[in-house]
Amino acid sequence: MPVFVTANRSATQADLGIPQDLFAAIERLKRDLNAIVLAHYYQEADIQDVADYIGDSLGLSQKAAETDAEVIVFAGVHFMAETAKILNPDKLVLLPDLAAGCSLADSCPPEAFATFKAQHPDHIVVSYINCTAEIKAMSDIICTSSNAVKLVNQIPTMQPIIFAPDRNLGRYVMQQTGRELLLWDGSCMVHETFSERKLVELKVAHPQAEIIAHPECEPPVLAHADFIGSTTALLNYSQRSPSQAFIVVTEAGIIHQMEKAVPGKQFIPAPPMNQCACNECPHMRLNTLEKLYLAMKHQSPEITLPEAIQKAALKPIQRMLAMS
Ligand code: 13P
Ligand code: SF4
């Protein structure tokens, strides 16, 4: 798949038979296919604008579970589209770029996790949704960043728990619940790039701004946050807070929805360690509007799963939906 350069978009589009008005073409395909486009907040702005629903991982799973559309076009990363497929084994689930993975999901390889789990047979497994279907199939309950604390609080206090794969979210849940969790040592490459030193410098430059952060960030960064939550929780907080400025410590794509929701407020992206664009998730950003159109036009690439994995992974997701 060629990489599209915005300035050359028309020439490249013409070569590939991509219409000029992609928004209208995608709307047509939605109708023709009876398709729904679900997008995560970390997608580029154009994709968010064409989506039927934009949300955090919990909202997207709930939407995937309830939709009666025949085709689900998932503008997000692989584990998200896979979750939609687990919930809808008989539907066509499309991901614009199959290479859109996740460093956090990759940090928990199934074989190594199976060994780890076998070493702790008395533990139940709570897995963050940012993991592969194989890990979900080995889990008892799936959680997201918006319900992890609530779900862990529902588990009897004497029950030992393995929490995988994000050690940062795991530590945050331990702090919020007072529970001891056995953590898998995984992390997100995007949320770990935020620099505490630069964040403090930014706060000094904007003392009136509130720091709002995602729990995938490391503890020294979270220690400076006025509010911590999932992407949807951060978006909602930015609307209800009386503050007029926010330093946003998560993937920068969410700022598109924040600026749309409260246009008068100022949203300052938190700085990563270097002068890079690494507060944009390179996996999420593999999807483009052109690839989304082509995926719908060709009904490919689609997500497929072995039946045994799909069935085993469904149970802990259903438990999460029931407990949320
Ligand atoms: P939420 O949207 O559930 O907060 O998750 C953030 C994330 O990292 C998704 O990959
Ligand atoms: Fe994975 Fe982090 Fe990208 Fe989310 S932001 S998809 S956790 S690498």
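In the block above lies the structure referred to throughout.
The rules behind these values
- Residues numbered from 1 in each chain as written.
- Chains lettered and ligands numbered in written order.
- Predicted model: local features only at pLDDT ≥ 70, side-chain atom pairs only at ≥ 80, totals over all residues.
- Heavy atoms only, no water.
- Axes fitted to C-alpha atoms, helices over the stretch in contact; angles between N-to-C directions.
- Helix = DSSP H or I, 4+ residues; strand = E, 2+ residues; numbered from the N terminus.
- Parallel < 35°, antiparallel > 145°, perpendicular 65-115°, else oblique.
- Left-handed = near helix turned anticlockwise from the far one by under 90°.
- Contact = heavy atoms within 4.5 Å.
- Nonpolar A, V, L, I, M, F, W, Y, C, P; charged D, E, K, R; others polar.
- Near = heavy atom within 4 Å.
- Polar contact = N/O pair within 3.5 Å; in protein donor to acceptor, adjacent residues only side chain to side chain.
- Areas by Shrake-Rupley, 256 points an atom, 1.4 Å probe, with all protein chains shown as cover.
- 1 Å grid on protein atoms, 1.4 Å probe; cavity = no way out; pocket = protein on both sides within 12 Å on 5 of 7 lines; lining within 4 Å.
- Sits in = over half its atoms within 2 Å of the grid points.
- Points joined across faces, edges and corners; volume = space filled by probe spheres on them.
- Buried < 20%, exposed > 50% of the residue type's maximum accessible area, 1.4 Å probe, protein only.
- Pairing = 2+ DSSP bridges.
- Expected span 1.5 Å × (residues − 1).
- Arc of directions from axis to C-beta.

Trainee: Account for the packing of helix 13 (residues 231-240) against helix 14 (residues 254-261), naming residues and giving values.
Mentor: Packing of helix 13 against helix 14 brings their axes to within 10 Å, and their N-to-C directions diverge by 30°. By the angle between their axes, helix 13 is roughly parallel relative to helix 14. Considering only the axes of helix 13 and helix 14, their crossing is right-handed. Contacts between helix 13 and helix 14 involve Thr231, Leu234, Leu235, Ser238 and Gln239 on the former and, on the latter, Ile254, Gln257, Met258 and Ala261. Classifying every residue of the contact of helix 13 with helix 14 gives 5 nonpolar, 4 polar and no charged.

Trainee: I'd like a rundown of the site of ligand 1, residues and numbers included.
Mentor: Taken together, 14 residues sit near ligand 1, with His40, Ser145, His214, Glu216 and Thr231 positioned nearest. The side chain of Asn130 places a nitrogen or oxygen atom 3.4 Å from an oxygen atom of ligand 1. Within the side chain of His214, a nitrogen or oxygen atom sits 2.7 Å from an oxygen atom of ligand 1. Coverage of ligand 1 by the protein amounts to 96% of the 300 Å² it exposes when considered alone. The site holding ligand 1 turns out to be the largest cavity.

Trainee: Outline empty space enclosed by the protein, supporting the account with residue identities and numerical values.
Mentor: Evaluation of the coordinates by the stated rule reveals 2 cavities of 30 Å³ or more. Considered as a void within the structure, the largest cavity measures approximately 220 Å³ in volume. Forming the walls of the largest cavity are 25 residues, and the residues nearest its centre are Tyr42, Phe79, Asn130, Glu216 and Met284. Its residues assigned to classes, the lining of the largest cavity shows 11 nonpolar, 11 polar and 3 charged. Taken as a whole, the second largest cavity encloses approximately 50 Å³ of empty space. Of all elements in the fold, only helix 4 (57-66) and helix 5 (78-87) reach the threshold of two or more residues within the lining of the second largest cavity. Grouping the constituent residues of the lining of the second largest cavity by class yields 7 nonpolar, 3 polar and no charged.

Trainee: Summarise the site of ligand 2; cite the residues concerned and give the values.
Mentor: All residues adjacent to ligand 2 are Tyr42, Val77, Cys102, Ser103, Asn130, Cys188, Val190, Glu216, Cys281, His283 and Met284. Cavity membership is defined here by more than half of the atoms lying within 2 Å of grid points; on that basis ligand 2 lies in the largest cavity. Here the shell around ligand 2 is composed, by residue class, of 7 nonpolar, 3 polar and 1 charged.

Trainee: Account for helix 5, with residues named and values stated.
Mentor: With respect to burial, helix 5 is a largely interior element, 9 of its 10 residues being buried. Within helix 5 the residues assigned to the buried category are Phe79, Met80, Ala81, Glu82, Thr83, Ala84, Lys85, Ile86 and Leu87.

Trainee: For the sheet that holds strand 7 (residues 161-164), give the residues involved together with the corresponding values.
Mentor: Taken in spatial order, the 4 strands of this open sheet run 6-5-7-8, and their pairing is parallel. Each edge of the open sheet carries a strand with a single partner, namely strand 6 (141-143) and strand 8 (182-183). Its contacts with the sheet place helix 7 (residues 110-118) against strand 5 (124-128), strand 7 and strand 8, and it is angled at close to 165° to strand 7.

Trainee: Give me the lowdown on helix 2 (residues 22-33), citing residues and values where you can.
Mentor: Given a rise of 1.5 Å per residue, 12 residues ought to cover 16 Å, and the 16 Å separating the end C-alpha atoms of helix 2 matches this to within 8%. Buried within helix 2 are the following residues: Leu22, Ala25, Ile26, Leu29, Lys30 and Leu33. Viewed along the axis of helix 2, the buried residues span an arc of 145°, placing them on a single side of the element. One or two steps after helix 2, the chain reaches Asn34, where phi turns positive at roughly 50°.

Trainee: Please provide a residue-by-residue account of unusual backbone geometry, values included.
Mentor: Residue Pro165 is bonded to the preceding Ala164 through a cis peptide linkage, with omega at -10°. Within the element layout of this structure, Pro165 appears in the loop between strand 7 and helix 10 (167-177). The omega torsion across Ser300 and Pro301 is 0°, close enough to zero to call that bond cis. Backbone geometry places Gln299, a non-glycine residue, at a positive phi of 50°. With respect to the helices and strands, the residue Gln299 is situated in the loop between helix 15 (289-298) and helix 16 (307-323). For Gln299, a relative accessible area of 38% puts it in the partly exposed group.

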